[in-house]
Amino acid sequence: MSPSRPLDAPPDASATATALRTDLAGDLRAGDAGRQVALCGWVARRREHGEHLAFVDLRDRSGVVQCVVDGASDLRSEYVVRVTGTVRDRPEGTVNPDLATGEIEVGDCAVEVLNAAEPPPFPVTDRVDADETARLRHRYVDLRRDRMQRNLLVRATVNRALRSAMERQGFLEVETPLLWVPTPEGAREFVIPSRLRPGEFYVLPQSPQLAKQLLMVAGVDRYYQIARCLRDEDLRADRQFEFSQLDLEASFVSQDDVLGFVSEAVLDAAQAVTGERPGEIPRLTWAEAMGRFGSDKPDLRAGPELVELGEVFAATGFRAFAGAPCIKGLRAPGHGDLGRNRLDALTERAKGLGAKGLVWLRVADGGALDSPVAKFLSDGERAGLVGATGAAPGDLLLVVADERRTVEIVLGQLRLDLGRPPVNEGPLALTWVVDFPLFEGLDPAGRPVPAHHAFTMPHPDDLDLLESDPLSVRSQSYDLVLNGWELGSGSIRIHRSDVQAAIFATLGISDEDARARFGFLLDAFRYGAPPHGGFAVGLDRLVAILAGEDNIREVIAFPKTQSGADPLTGAPAPVSPRLLDELGVRVLPPPT
RNA sequence: GGUCCCGUGGUGCAGUCAGGAGUGCACGCCGCCCUGUCAAGGCGGAGGUCGCGAGUUCAAAUCUCGUCGGGACCGCCA
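Enquirer: Sorry if this is basic, but what is going on with the overall build of chain A here?
Expert: Secondary structure summary: chain A contains 14 helices and 22 strands in total. A principal-axis box enclosing the C-alpha atoms of chain A has dimensions of 90 × 75 × 55 Å. When each of the 592 residues of chain A is scored for burial, the buried share is 47%. Taking contacts inside chain A between residues at least 6 apart in sequence as the whole, the part at least 24 apart equals 67%. Accessible area of chain A: about 28,600 Å², with a carbon and sulfur share of 52%. The positive charge centre, built from 66 side chains, and the negative charge centre, built from 87, are 3 Å apart in chain A.

The following block contains the structure:
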């Protein structure tokens, strides 16, 4: 992402002036020449030229400006200073075109040290990437760097754009509780002991899902919130314990309505950050996404799609293909130079993903296929393979024959292994994935497992399949995908008790179970629940990609490490025995 | 729960495969010099539990095992 992309107009000087300063350092331009200014910030760098000339780069939130001082021997890196002086054009030949403030400097400076500072634990510059533990331990220093300041700005810009889009579309911001009730579904929850009722617990919400549905019953009609969500699951580059969502829910809506609300907000956010509005977000059905990309969160940037090869090999004599329920291929452009070691590794990878094997063919100059199995294929099959995949010399072809789902998942993963650019690279590849199956498979007891949650409305055309063929029932649920990252998901909810009862029956949830788990929601629905649906956009992921980062920790002010610790505060930490007593909590000795 | 990678003055790296004195590079830090630099420049200096603990060896930053911390991924994340 280019650093020149417009973010937001800088606040005007009157808004940033304080008792101690008149301007922000990075805002000064040639037009300010002649003005007396007072600036406050940190000493970014000193360049001393003897006793009576030194340059001090003063850094604040807005950037840096060069201050010319008589001597700087009493200044050190990261000292907090107040500089007063006169803005002036730089002398002929000393303009710095790499600096936004490079046409001017602040001359005749008086420098007041507001606070001395120890040398920083790592350089406050984007030029070197310090150890991440050190960065987190001294996050207040790390965040001074241009890159991190910019990431915070991108995040605030996205936040503002999303809020503004939701307000414009008539949504009402409502806050929902952080202290919620335990529910047995979904992600592992963070547990909060109750002091007033020892032995009982709140949990932190994994999302405001049920609360926002209650707000629909309450007649709020259109709700949104930039909501903190908390899930006690293992951390990843794209997952933290606590993360933020643009959460929304609306009444009397169709799926198209919801997709429209979310598109407007996300496209606004992208435009606010990049200055360009992406085109309309294309839609794929879940079946298309799986068939063409082998993934329910397809990365549209990652090279060619999977190719159906059943017809090509319909009458094959090659035993590995004959009679297979599904045969598909993938063209990997330019990978025809892979050696046997890499190809063997790919084969192992395919087997690890569930395939019985992997057929690879290198396309040689002239179009001949170089492969251990080429001799088992007829001339027509080889030509058909090249024709169907569009293979060219230098390409690698991969073919898998197996159950359809296995073929798609294996080739989909290999497609990413071989052709996926870094998540933060290239144009924004947004896509909707719609018509997810209602159930994603069977649990060990043979019961369908909900793909989204138990309140997802089935596709109206598939209602009568609930009993006869539940796994083929589509749902009115949908995901938003950006560069192969799941940005969010949502659904139209069930508001009719007869449909909900049918779903519970299919899931094997008895009336008593349902009452115990979701009683308060079912109660609410008896008092007039409007048809409704909603969505939640993962804010950290959206911001990371818009900021050009491949890790959401880079767009979170104070993130946790992969083991869930905060090197800055030392969290998590023990609490006093007295507090535990008050909470009615006893800690077990560590397992041996 | 599992797989893989990393850990060397304050910072970033090289050295580890193939054991031989804490060896090297760049930055930073401290001191001196320097009037137009902008990653300023020159000279000098200080700074080390090679993450930690065992083991092998005459000898371990280097090999082995364990452990701690960090990262990527699988499981997990309705």
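Enquirer: Whenever I open this one, the sheet that holds strand β12 (residues 307-308) confuses me. Can you help?
Expert: In any sheet, the strands associate via hydrogen bonds between backbone groups, in a parallel or an antiparallel arrangement. Across the sheet, 5 strands lie side by side as β12-β13-β16-β14-β15; this open sheet has antiparallel pairing. A single partner strand is all that each edge strand has here, and the edge strands are β12 and β15 (369-370). Pairing of strand β13 (residues 326-332) with strand β16 (residues 396-402), which is carried by 7 bridges, proceeds in the antiparallel orientation. Residue pairing across strands places C326 opposite D402, the latter belonging to β16. Along the sheet face, helix α8 (residues 340-352) touches β14 (359-363) and β16 and points at about 145° away from the line of β14. Sheet contacts for helix α10 (residues 404-419): β12, β13 and β16; angle to β13, the most-contacted strand, approximately 5°.

Enquirer: It is not clear to me how the sheet that holds strand β17 (residues 430-434) should be interpreted in this structure. Could you clarify?
Expert: Taken in spatial order, the 8 strands line up as β6-β9-β10-β22-β21-β20-β17-β11 in an open sheet, and their pairing is mixed. Two strands close off the open sheet at either side, each with one partner strand: β6 (172-173) and β11 (283-285). As paired strands, strand β21 (residues 485-492) and strand β22 (residues 532-538) are joined by 5 bridges and run antiparallel to one another. Following the sheet pairing, S491 is matched in β22 by G534. Running at roughly 85° to β11, helix α7 (residues 286-293) makes contact with β11 and β17 of the sheet.

Enquirer: Is there a simple way to think about the pattern of salt bridges in this case?
Expert: Should the charged atoms of two oppositely charged side chains come close, the side chains can pair. Taken as a whole and assessed by the stated rule, the structure comprises 51 salt bridges. One salt bridge in this structure joins D379 and R382, with 2.6 Å as the shortest N-O distance. Here the residue D379 and the residue R382 both occupy positions in helix α9 (residues 379-389), the gap between them amounting to 3 residues, near one helical turn. One salt-bridge network, in which partners are shared between bridges, spans D129, R135, R139, D142, R145, R147, E549 and E554.

Enquirer: How should I be thinking about the side chain of T506 in this particular structure?
Expert: Relative to the elements of secondary structure, T506 occurs in helix α11 (residues 497-507). When its relative accessible area of 14% is taken as the criterion, T506 is described as buried. A distance of 2.8 Å separates the side chain of T506 from the backbone oxygen of A502, its partner in a polar contact. Excluding anything up to four places from it in sequence, T506 contacts F439, R447, P448, L466 and P470.

Enquirer: What exactly am I supposed to notice about unusual backbone geometry here?
Expert: Of all residues except glycine, most have a negative phi; of all peptide bonds, most are trans. Omega for the bond connecting A571 with P572 falls within 30 degrees of zero, at 0°, which places this linkage in the cis form. Mapped onto the fold, P572 is located in the loop between α13 (539-546) and α14 (577-583). Within the chain, F252 stands out as a residue other than glycine whose phi angle is a positive 60°. Positionally, F252 belongs in the loop between β10 (242-251) and α6 (255-274). Residue classification places F252 among the exposed residues on the basis of a relative accessible area of 59%. In this structure, D435 is a non-glycine residue whose phi angle is positive, near 60°. With respect to the secondary-structure elements, D435 resides in the loop between β17 and β18 (439-442). Taking relative accessible area as the criterion, D435 reaches 17% and is therefore assigned buried.

Enquirer: What's the story with the nonpolar core in this structure? I'm lost.
Expert: Burial of nonpolar side chains together is a common tendency in soluble globular proteins. Of all hydrophobic cores here, the largest spans 69 residues; its most connected members are V158, L246, L248, V262, L480, F535 and L542. Of the residues forming this core, the biggest block, 10 residues, is contributed by α6. Both of domain 2 (146-276 + 536-579) and domain 4 (437-474 + 496-529) provide at least three residues apiece to this core. For L480, the contacting residues outside a window of four places in its chain are V262, V266, I281, L430, T431, W432, W485, E486, L487, G488 and F535.

Enquirer: Whenever I open this one, a nonpolar patch on the surface confuses me. Can you help?
Expert: A contiguous nonpolar patch, built from Y140, F558 and L568 and spanning about 300 Å² of accessible area, is present on the exposed surface. If you trace the backbone, L568 turns up in the loop between α13 and α14.

Enquirer: What's the story with the environment of G102 in this structure? I'm lost.
Expert: Counting through the fold element by element, G102 comes out in the loop between β4 (80-89) and β5 (104-115). By relative accessible area, G102 is classed as buried at 1%. Expressed as a C-alpha distance, the spacing of G102 and F558, which sit 456 residues apart in the sequence, is 33 Å.

Cut-off values and rules
- Residues numbered from 1 in each chain as written.
- Chains lettered and ligands numbered in written order.
- Predicted model: local features only at pLDDT ≥ 70, side-chain atom pairs only at ≥ 80, totals over all residues.
- Heavy atoms only, no water.
- Helix = DSSP H or I, 4+ residues; strand = E, 2+ residues; numbered from the N terminus.
- Buried < 20%, exposed > 50% of the residue type's maximum accessible area, 1.4 Å probe, protein only.
- Contact = heavy atoms within 4.5 Å.
- Areas by Shrake-Rupley, 256 points an atom, 1.4 Å probe, with all protein chains shown as cover.
- Lys, Arg positive; Asp, Glu negative; His and termini not counted.
- Charge placed at Lys NZ, Arg CZ, Asp CG, Glu CD.
- Pairing = 2+ DSSP bridges.
- Axes fitted to C-alpha atoms, helices over the stretch in contact; angles between N-to-C directions.
- Salt bridge = Lys/Arg side-chain N within 4 Å of Asp/Glu carboxyl O.
- Polar contact = N/O pair within 3.5 Å; in protein donor to acceptor, adjacent residues only side chain to side chain.
- Core = buried A, V, L, I, M, F, W, Y, C linked by side-chain atoms within 4.5 Å.
- Domains from an automatic or database assignment.
- Patch = residues over 30% accessible without salt bridge, like charges linked within 9 Å, V, L, I, M, F, W, Y side chains within 5 Å.

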